[in-house]
Each structure stands twice: as C-alpha cells, then as structure tokens.
Amino acid sequence: MKNRRVRFTATAQEHVRREKAWWLANRDHPDVFTEELEQALQIIAALPGAGTLYAQSPVPGVRRVYLRRVAVHLYYTFDDASVIVRALWGGRRERGPEFNG
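Notes on the structure in this doc start here. (Residues numbered from 1 in each chain as written. Predicted model: local features only at pLDDT ≥ 70, side-chain atom pairs only at ≥ 80, totals over all residues. Heavy atoms only, no water.)

**Comments concerning the pairing of strand S5 (residues 82–90)**
Burial within S5 is extensive, with nine of its nine residues counted as buried. Pairing geometry for strand S1 (residues 5–8) and S5, over four bridges, is parallel. What sits directly across from Arg7, in S5, is Ile84. Linking strand S4 (residues 72–78) to S5, which pair antiparallel, is a turn of three residues. (Buried < 20%, exposed > 50% of the residue type's maximum accessible area, 1.4 Å probe, protein only. Helix = DSSP H or I, 4+ residues; strand = E, 2+ residues; numbered from the N terminus. Pairing = 2+ DSSP bridges.)

**Looking at the pattern of salt bridges**
The final tally for this structure, using the stated rule, is three salt bridges. Two residues, Glu35 and Arg69, come together in a salt bridge whose shortest N-O distance is 3.4 Å. Of this pair, Glu35 sits in helix H2 (residues 31–46) while Arg69 is found in the loop between strand S3 (63–67) and S4, placing the two residues 34 residues apart along the sequence. Glu36 is the salt-bridge partner of Arg69, the closest N and O atoms lying 3.1 Å from each other. Highlighted residues: Arg69 in the loop between S3 and S4 and Glu36 in helix H2, separated in sequence by 33 residues. A relative accessible area of 9% means that Glu36 is categorised as buried. (Salt bridge = Lys/Arg side-chain N within 4 Å of Asp/Glu carboxyl O.)

**Let's talk about the packing of aromatic side chains**
For any pair of aromatic rings, the description consists of the separation of the ring centres together with the inter-plane angle of the planes. Following the criterion strictly, the structure yields two aromatic pairs and no others. Look at Trp22 and Trp23: their rings are 6.4 Å apart centre to centre, the planes differ by 55 degrees, and that puts the pair in the tilted class. Under the relative-accessibility criterion, Trp22 is labelled partly exposed at 43%. Between Tyr54 and Tyr75, the ring centres sit 4.9 Å apart and the planes meet at 70 degrees, which makes this aromatic pair edge-to-face. (Phe/Tyr/Trp six-rings, centres within 6.5 Å; stacked < 30°, edge-to-face > 60°.)

**Here's the deal with the sheet that holds S3**
One open sheet holds the five strands; their spatial order is S1-S5-S4-S3-S2, and the pairing between them is mixed. Every other strand in the sheet has two partners, leaving S1 and strand S2 (52–53) as the edge strands with one partner each.

**Focus on H2**
Counted at 1.5 Å a residue, the expected span for H2 with its 16 residues is 22 Å, and the 23 Å between its end C-alpha atoms agrees. Residues of H2 that are buried include every one of Val32, Phe33, Glu36, Leu37, Ala40, Leu41, Ile44, Ala45 and Ala46, and no others. (Expected span 1.5 Å × (residues − 1).)

This is the structure we're talking about:
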C-alpha cells in the first residue's frame, strides 16, 4: 500500500491554524486536536477513498472525514500521487466551507 504525499491549500492551512488556536485557548486537553488531525492525515494518505464524497462541493471529487473528538470535517481530494487537504470545517455548522486555493 502506497502512502500519498499530503499537501494543504492556503485555505486549509488557515482553517487548521484557526481551529488549533481556538482549541488550545478553549479546551483542557490541547493534544487532542493535533492527535486527531494527524491520525486523519495518516488514514487519508494510505486510504484516500475512505472519506465520503461531498456532493455539495463545486470542486469535483471532494471527500470528507469526520474527526469525532474535535467535531470537524477534513475535506480533501486525491490523485495517484497526493492528497490535497482543501478545508477543515466545524461539523456542527449549518453550511460547508468555501473551497479556495
């Protein structure tokens, strides 16, 4: 099984930065955010088809996985060589993210 390289769009980098800062400021267990994100990235690098298709995306082929302990969705696309993380978005929000970059 081949692990794909994981890259982040500028939008996704900003989402991760913002969510991590919020988590560190507002939660008692700061390691949980990083652990949950790293685990999800390992899974999608090895098994990118594991996420569910997100039909509401204007970008074809977007999938998402839910990070249960931090209540966010990780949105991504993939090809034979890499996984591109496109957004990290609160799972309880009533609308999905915009996909830029």
